[in-house]
Amino acid sequence: VNTRKHLLEIPPPSEKDWPREDEDNFFLLDPDRKRDALPQPFRMIHKLVMQVFESAMEIIERREMLREARKLKVQPKKCFPTAEFQVTERANCLAVSGKHIFVGLSVGLAAFSMCDFKDVCAWDADKTEICAIHALHLGNECHVLLAVDEMGLVWLFCFHKERFLLIKILNEVEDISQRSTCVEVVLSRGGDYAGILLQGNTKAWLEIYQLPKDSWLTEMEKNSGAAEGLACSERRSSCSSGVGTFLLQELPVSAIQADVKLDLPVLLLTVRPPKPITGTSFKGPLDALKEVDDGSMLGLGNNHLIQASQWELQEAIFRSIYREYLEAEGVIKEETPRHATFHFLLPSQILVGPEMKVQPDIPVGIGVHWDGNHNFCLYLLSRSLKEKADSDLKPDVVWPCAAPIACSAVSSCSRYLALAGEDATITIWDKHLGYPLSVTAILEERFIRSIHFL
């Protein structure tokens, strides 16, 4: 048995147990200094681990902020197709008019009904690939179509009661070397006029056609009545003999198409780009004043008294002052414009005089501006035979701008016109009164590519 010889007692204090002076303020010390006592490898590992945790927390916080921002945004509604229709060839373009959908195929045209989405009619007579379609409902189940093929030819069709009827190829010529390609097609509201922008080898021009839609509707009504009578007689004959059923069913359509002869569109205007301003050919001020009608409107600036030597002197002074800038950026030579933007305009005080009788929903003029040009030109559609035959057609009204016009837009009521310049300024014109309502400058000099009214 192990027994204690002495009783348990509290040992007396020694110097080793005395509190140090540094330990009195231990709560003021930096806790990170405790890690400094560790060996170097452990400190390096600890620092790397902390950096990984901090970067992970930053990524988590960033993703949480993005998730909260997505919740605050309005989620777009997902739309799924309600119906579909299949085409036999590759579809290049489509247009909707009335209750029909017209599709441009790699070989011809196809029409579909919006009621049951079934194939109504097809046209592939010339095996032509259609690249663009513009369609408009004229009323009484009649539609006008302008189709552009891969060669730039413009095909004018009339679609009436489930059949296509080719009226004319607008820019067809016998000599292939003189062929022009279509760049843009515009149909006026109501289908009274059509405009096509054409480009040749070295030049471009705009052609405006008047579409005789009233005569088309009248002719289609006559032929539809004849078609119904012919179909009834063919049904009676098919009931008596069932041998030639296929031929009798195909006969009415071919016979009707052969009998239908619609009036051709009439070429009203041929608008060409303005000529560049050169030295005057007038001998004196009197000759220049003779070319001005009454001085009540602005012109294109061609009738002036500045000599060619003055233009050359001005250009030489400009080149000498800004030589270093011209050499750095390169000098752009002035070329003839190759593209234009045009709009059909309804009647207004600028285009229509007080004595002219016009209908409010039929266009009376067009507005045109060419690329790189400062002027917005307005032309009347009603002109004399002498003016139509004149190759150098002059605008009736000119609205100048401080910078070249980049793009333009016309409001749905056709009263307001928006012109965007290459200097990033937008000017709103009142077409009825003929003066600008507002001028807005876009900051940072952004280039405006398109403009629209909402």
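Residue positions are given per chain, counting from 1 as you read along its sequence in written order. Only residues with pLDDT of 70 or above have their local features reported here, since the model is predicted, and side-chain atom pairs are shown and tallied only from 80 upward, although totals for entire chains, interfaces and linings are computed over all residues. Note that the side-chain values use all heavy atoms of the structure and ignore hydrogens as well as water.

- As annotated in an unreviewed UniProt entry, the protein carries the name WDR93 protein and is attributed to Orthonyx spaldingii.

### Focus on the overall build of the protein
Next up, step 1: Numbered from the N terminus, helices here are DSSP runs of H or I no shorter than four residues, and strands are runs of E no shorter than two. Looking only at helices and strands, the protein features eight helices and 20 strands.
Next up, step 2: Every residue pair with non-hydrogen atoms within 4.5 Å of one another is taken to be in contact. Taking contacts inside the protein between residues at least 6 apart in sequence as the whole, the part at least 24 apart equals 50%.
Next up, step 3: Surface exposure here means Shrake-Rupley accessible area, sampled with a 1.4 Å probe, where a residue is shielded only by the protein chains that are shown. For the protein, the exposed area adds up to about 31400 Å²; of that, 55% sits on carbon and sulfur atoms.

### A closer look at the environment of L109
Next up, step 1: Position of L109 relative to the elements: it lies in strand β3 (residues 109-113).
Next up, step 2: In the structure, L109 is positioned 24 residues away from I133 in sequence and 9.5 Å away in space, judged by C-alpha atoms.

### Regarding the sheet that holds strand β14 (residues 365-370)
Next up, step 1: Any two strands with at least two DSSP-identified bridges between them are counted as paired. Taking strand neighbours across the sheet as the criterion, the four strands line up as β13-β14-β15-β16 in an open arrangement whose pairing is antiparallel. The open sheet has two edge strands with one neighbour each: β13 (340-345) and β16 (397-400). The sheet shows a mean angle of 20° between the axes of neighbouring strands, taken without regard to direction.
Next up, step 2: Of the strand pairs in this sheet, β14 and strand β15 (residues 375-380) are connected by four bridges, and their pairing is antiparallel. Along β15, the bridge assignment pairs V368 with C377. Convention adopted: a line fitted to C-alpha atoms gives each axis, helices being fitted over their contacting stretch, and angles between N-to-C directions are expressed from 0 to 180 degrees.

### Examining the nonpolar core
Next up, step 1: Side-chain atoms within 4.5 Å are what join buried Ala, Val, Leu, Ile, Met, Phe, Trp, Tyr and Cys residues into a set we call a nonpolar core. For each residue, the accessible area found with a 1.4 Å probe, counting protein chains only, is set against the maximum for its type, and the residue is called buried under 20%, exposed over 50%, and partly exposed in between. Formed by 24 residues in total, the largest nonpolar core has its most connected members in L146, L156, I196, W216 and L262.
Next up, step 2: Of all the elements in the fold, those that place two or more residues in this core are β6 (142-149), β7 (154-160), β8 (164-169), β9 (181-187), β10 (193-199), β11 (204-210) and α3 (213-240).
Next up, step 3: The element contributing the most residues to this core is β6, with four residues.
Next up, step 4: Leaving out residues up to four positions away in the same chain, I196 has contacts with V154, L170, C182, E184, V185, W205, L206, E207, Y209 and F342.
Next up, step 5: By size, the runner-up hydrophobic cluster in this structure holds 19 residues, among which are V368, C377, L381 and L393.

### Examining a nonpolar patch on the surface
Next up, step 1: On the surface, a cluster of nonpolar side chains totalling about 640 Å² of accessible area is made up of L313, I317, F318, I321, Y322 and Y325.
Next up, step 2: In terms of residue count, the dominant contributor to the nonpolar patch is helix α6 (residues 308-321) (four residues).
Next up, step 3: Note that F318 resides in helix α6. Residues qualify for a patch when their relative accessible area is over 30% and they have no salt bridge, like charges being joined within 9 Å and the nonpolar side chains of Val, Leu, Ile, Met, Phe, Trp and Tyr within 5 Å. A carboxyl oxygen of Asp or Glu within 4 Å of a side-chain nitrogen of Lys or Arg is what we treat as a salt bridge.

### Comments concerning the packing of aromatic side chains
Next up, step 1: Note on ring pairs: Phe, Tyr and Trp rings are taken, using the six-membered ring of Trp, and paired if centres are within 6.5 Å. Classes follow the plane angle, with under 30 degrees stacked, over 60 edge-to-face and the rest tilted. Scanning the model with the defined rule gives 13 aromatic pairs in all.
Next up, step 2: When the ring of W399 is compared with that of W429, the centres are 4.5 Å apart and the planes differ by 10°; the resulting orientation is stacked. Of this pair, W399 sits in strand β16 while W429 sits in strand β19 (residues 425-430), and the two are 30 residues apart along the sequence.
Next up, step 3: On the accessibility criterion, W399 (5% relative accessible area) is buried.
Next up, step 4: Within the aromatic cluster, the residues linked to one another by ring pairs are F102, W123, W155, F157, F159 and F164.
Next up, step 5: Between K203 and the ring centre of W205, over which it is positioned, the NZ or CZ distance is 5.9 Å. Each ring is checked for a lysine NZ or an arginine CZ that lies within 6 Å of its centre and within 35 degrees of its normal; such an atom marks a charge sitting over the ring.

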